[in-house]
Amino acid sequence: QVQLVESGGGLVQPGGSLRLSCAASRIIFSIYAIGWYRQAPGKQRELVAAISSGSSTNYADSVKGRFTISTNNAKNTVYLQMNSLKHEDTAVYCCYAKIGAVDYWGQGTQVTVSS
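Residues numbered from 1 in each chain as written. Predicted model: local features only at pLDDT ≥ 70, side-chain atom pairs only at ≥ 80, totals over all residues. Heavy atoms only, no water.

**Some thoughts on the overall build of the protein chain**
Here's step 1: The helix and strand tally for the protein chain stands at 0 helices and 11 strands.
Here's step 2: Secondary structure of the protein chain in N-to-C order comes out as β-β-β-β-β-β-β-β-β-β-β.
Here's step 3: Scaling as 2.2 N^0.38, a compact globule of 115 residues should have a C-alpha radius of gyration of about 13 Å, and the protein chain matches this with 13 Å.
Here's step 4: Viewed in the frame of its principal axes, the protein chain has a C-alpha envelope of about 40 × 25 × 25 Å.
Here's step 5: Going through the 115 residues of the protein chain one by one, you find that 41% of them count as buried. (Helix = DSSP H or I, 4+ residues; strand = E, 2+ residues; numbered from the N terminus. Rg over C-alpha atoms; globule rule 2.2 N^0.38 Å. Buried < 20%, exposed > 50% of the residue type's maximum accessible area, 1.4 Å probe, protein only.)

The following block contains the structure:
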């Protein structure tokens with residue numbers, strides 16, 4: 001069992017920046033995919049950014065050029081650098097990891113973009 005814990009959420013003004021972190025309870029090998037999802041009230045959960053096999057990255061069109069996903073060298077932490085935040089970025093952000101055939105989810109961290 002792997003625990004994923006997010007941090008870094010909070011209240012930020014439009015145009016501001018936040019960096020989310022997701023720490024795994026241990027170094028993980030055989031990771032098929034890691035990433036960030038978000039869900040706003042009344043809306044479907046959507047993929048924000050992900051790293052998959054071959055270290056390829058994917059971003060939602062709505063965040064391209066503004067968000068960057070990365071990991072530390074040990075690959076037990078995934079980050080989401082969020083710049084130029086907009087009102088529509090307000091959501092609960094959850095980190096995700098597919099380890100083997102098992103999906104793991106963090107508890108989520110609230111990001112609120114408001115003036």
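This is not the end of the story, as more comes after the structure.
**Quick word on the pairing of strand E4 (residues 31-39)**
Within a regular strand, side chains alternate between the sheet's two faces.
Here's step 1: Here 8 bridges tie E4 to strand E9 (residues 91-99), and the two strands are oriented antiparallel to one another. Bridged to Ala33 within E9 is Lys98.
Here's step 2: Bridging between E4 and strand E5 (residues 46-52) involves 6 bridges; their strand directions are antiparallel. Looking across to E5, one finds that Arg38 is bridged to Glu46.
Here's step 3: Count of turn residues in the E4/E5 antiparallel hairpin: 6 residues, of which Gly42 carries a positive phi of about 80°. (Pairing = 2+ DSSP bridges.)

**Let's talk about the side chain of Ser21**
Here's step 1: Within the secondary structure layout, Ser21 lies in strand E3 (residues 18-24).
Here's step 2: Not counting residues within four places of it along the chain, the set of residues in contact with Ser21 comprises Val5, Glu6, Ser7, Trp36, Val78 and Tyr79. (Contact = heavy atoms within 4.5 Å.)

These figures come from the coordinates and say nothing about function on their own.
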